[in-house]
Amino acid sequence: MMMADKEESKSCRILVIGATGYVGKYMVKASICLGYPTFVYVRPLSSTSSSSKQEAHGGFQSMGVTIFQRFLPSEFGHEVDRGTALPPFQRLLDDKKKIRRATEEAGISYTYVAANTLAAYFIDLLLHPHDQLREEVIVYGNGEAKVVLNFEEDVCIYTIKASVDPRTVNKVIILRPPGNIISQLDLIALWENKSQRKLKKVQIPEEEIVKHSEVLPHPDNIRISIVHNIFIKGEQVRFELGEDDLEASHLYPDHQYMSVDRLLDVCVVDAPIPKLTVF
Ligand SMILES: NC(=O)c1ccc[n+]([C@@H]2O[C@H](COP(=O)([O-])OP(=O)(O)OC[C@H]3O[C@@H](n4cnc5c(N)ncnc54)[C@H](OP(=O)(O)O)[C@@H]3O)[C@@H](O)[C@H]2O)c1
């Protein structure tokens with residue numbers, strides 16, 4: 001979750017809540033890279049805190065409280081007001097919607113960021129690029145649905161830019177850069193080409209995935225429902241962007257985002273290893 005206290009100028013201060021988390025660490029880096037005085041909210045360390053959290057604490061220079069004028073809820077996924085999902089994922093989307101509605105009812109200025117799929121996170125899940133010995137790759141459904149894979153650093157750069165942009169007050173920004181729209185099958189073929197390996201494709205039909213979503217325990221039922229929604233339903237590109245929609249790469253053409261193609265080049269030499277999100 002991230003808040004900005006003024007619009008437009010670089011005198012804005014950025015407060016990141018959840019800064020010790022997976023997205024939060026990228027967000028702090030993006031904010032600093034873009035030159036904003038950056039504040040983080042972190043909960044105190046305890047004897048059970050993970051080493052990554054302790055490292056994150058060690059790395060943060062500032063902690064503070066500020067006055068907020070813009071609220072950016074920690075969504076970083078679908079455009080929650082458009083589309084539907086299997087029940088376990090839908091419940092998560094409904095929670096995010098409740099936060100949107102409460103924000104609007106309270107009259108708080110906001111920007112909602114529909115980041116779509118975080119690329120490093122899902123490339124790891126789909127292709128296991130750090131595991132050179134792995135010979136199989138799972139194809140969810142027929143593998144033809146298009147998804148939008150946005151690199152985490154770009155998601156956070158766009159988010160920080162939008163947080164101080166007067167054009168995005170009380171708007172949704174959708175991250176759908178043309179170079180990041182790809183099907184599972186095309187992604188696998190691209191990876192085979194770059195890694196110079198032929199992978200055995202193990203297909204899981206949609207019915208099996210729906211069944212898993214009904215019987216798996218929490219939070220695995222959410223994870224499989226997300227996979228169904230993104231990779232089988234292709235929900236992220238099922239709606240057309242209209243004239244009133246704000247698409248990030250159009251809004252900020254100066255930012256050279258990392259295309260999926262280039263990210264796979266990076267993965268060949270140094271694949272990021274994300275951690276699983278907690279639900
Ligand atoms: N689109 C995608 O592909 C994708 C992929 C991954 C995540 N996401 C989305 O990104 C968002 C962030 O996920 P994440 O993976 O970064 O989560 P995460 O790693 O679990 O991090 C959550 C952060 O929030 C903090 N936090 C949780 N509850 C809090 C509370 N009650 N008070 C204060 N701080 C609290 C945690 O602090 P502590 O360290 O103190 O616990 C941690 O810093 C979620 O909305 C998730 O759905 C999207």
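On a predicted model such as this, the values are computed, not experimentally measured, just so you know. (Residues numbered from 1 in each chain as written. Predicted model: local features only at pLDDT ≥ 70, side-chain atom pairs only at ≥ 80, totals over all residues. Heavy atoms only, no water.)

J.: Before we go on, may I ask you to explain the sheet that holds strand β9 (residues 171-174) in this structure?
T.: Within a sheet, each strand pairs with its neighbour through backbone hydrogen bonds, oriented either parallel or antiparallel. Pairing in this open sheet of three strands is parallel, and the strands run β5-β9-β12 from one edge to the other. The two strands at the open ends of the sheet, each matched to only one other strand, are β5 (111-114) and β12 (246-247). (Pairing = 2+ DSSP bridges. Helix = DSSP H or I, 4+ residues; strand = E, 2+ residues; numbered from the N terminus.)

J.: Please clarify how the state of the cysteines should be interpreted in this entry.
T.: Joining two cysteines, a disulfide is a covalent bond between their sulfur atoms. Evaluation of the coordinates by the stated rule reveals zero disulfides. Left without a disulfide partner, C12 is nearest to the cysteine sulfur of C33, which lies 17 Å away. Cysteine C33 is unpaired, with the sulfur of C156 as its nearest cysteine sulfur at 11 Å. Residue classification places C33 among the exposed positions, given a relative accessible area of 57%. (Disulfide = S-S within 2.5 Å. Buried < 20%, exposed > 50% of the residue type's maximum accessible area, 1.4 Å probe, protein only.)

J.: Whenever I open this one, the pattern of salt bridges confuses me. Can you help?
T.: Oppositely charged side chains can pair when the atoms bearing their charge come close. Taken as a whole and assessed by the stated rule, the structure comprises 21 salt bridges. Put simply, E136 and K200 hold a salt bridge, and the shortest N to O gap is 3.8 Å. Here the residue E136 occupies a position in strand β7 (residues 136-140), and K200 occupies one in strand β11 (residues 200-204), the gap between them amounting to 64 residues. According to the relative accessible area criterion, K200 is exposed, its value standing at 52%. Among the salt bridges present, the one from D165 reaches R167, with a minimum N-O distance of 2.8 Å. (Salt bridge = Lys/Arg side-chain N within 4 Å of Asp/Glu carboxyl O.)

J.: What is the right way to read the packing of helix α7 (residues 206-215) against helix α8 (residues 220-232) from this model?
T.: The geometry of a pair of packed helices is captured by two quantities: the angle between their axes and the separation between those axes. It is at 8 Å that the axes of α7 and α8 come closest, and there the two elements cross at 150°. In this view, α7 runs roughly antiparallel relative to α8, as classed from their interaxial angle. Along this stretch, α7 crosses α8, giving a crossing that reads as left-handed. Contacts between α7 and α8 involve E206, I209, V210, H212 and S213 from the first element and N221, I224, S225, H228 and I232 from the second. Taken together, the residues of the contact of α7 with α8 sort by class into four nonpolar, five polar and one charged. (Axes fitted to C-alpha atoms, helices over the stretch in contact; angles between N-to-C directions. Parallel < 35°, antiparallel > 145°, perpendicular 65-115°, else oblique. Left-handed = near helix turned anticlockwise from the far one by under 90°. Contact = heavy atoms within 4.5 Å. Nonpolar A, V, L, I, M, F, W, Y, C, P; charged D, E, K, R; others polar.)

J.: Please explain helix α4 (residues 119-127) as it appears in this structure.
T.: Counting buried residues in α4 gives eight out of nine residues, a clear majority hidden from the surface. Of the residues one or two after α4, H128 is the one with positive phi, at around 45°.

J.: How do you make sense of the pairing of strand β3 (residues 38-41) when you look at a structure like this?
T.: Moving residue by residue along a regular strand, the side chains alternate between the two faces of the sheet. With burial as the criterion, only one face of β3 is covered, namely that bearing T38 and V40; the residues F39 and Y41 on the opposite face remain uncovered. As defined by bridge partners, strand β2 (residues 14-17) adjoins β3 across four bridges and the pair is classed as parallel. Within the sheet, the bridge partner assigned to I14 lies in β3 and is T38. Taking the sense of rotation as the criterion, the β-α-β connection linking β2, helix α1 (residues 22-33) and β3 turns out right-handed. (Right-handed = clockwise from strand over helix to strand, strands pointing away.)

J.: How should unusual backbone geometry be read in this particular structure?
T.: It is generally the case that most residues other than glycine have a negative phi and that most peptide bonds are trans. With omega at 5°, the peptide bond leading from H218 into P219 counts as cis. With respect to the secondary-structure elements, P219 resides in the loop between α7 and α8. Phi angles above zero are rare outside glycine, and N116 is one such case at about 60°. Here N116 shows up in the loop between β5 and β6 (117-118). Even without glycine at this site, H128 takes up a positive phi of about 45°. Within the secondary structure layout, H128 lies in the loop between α4 and β7.

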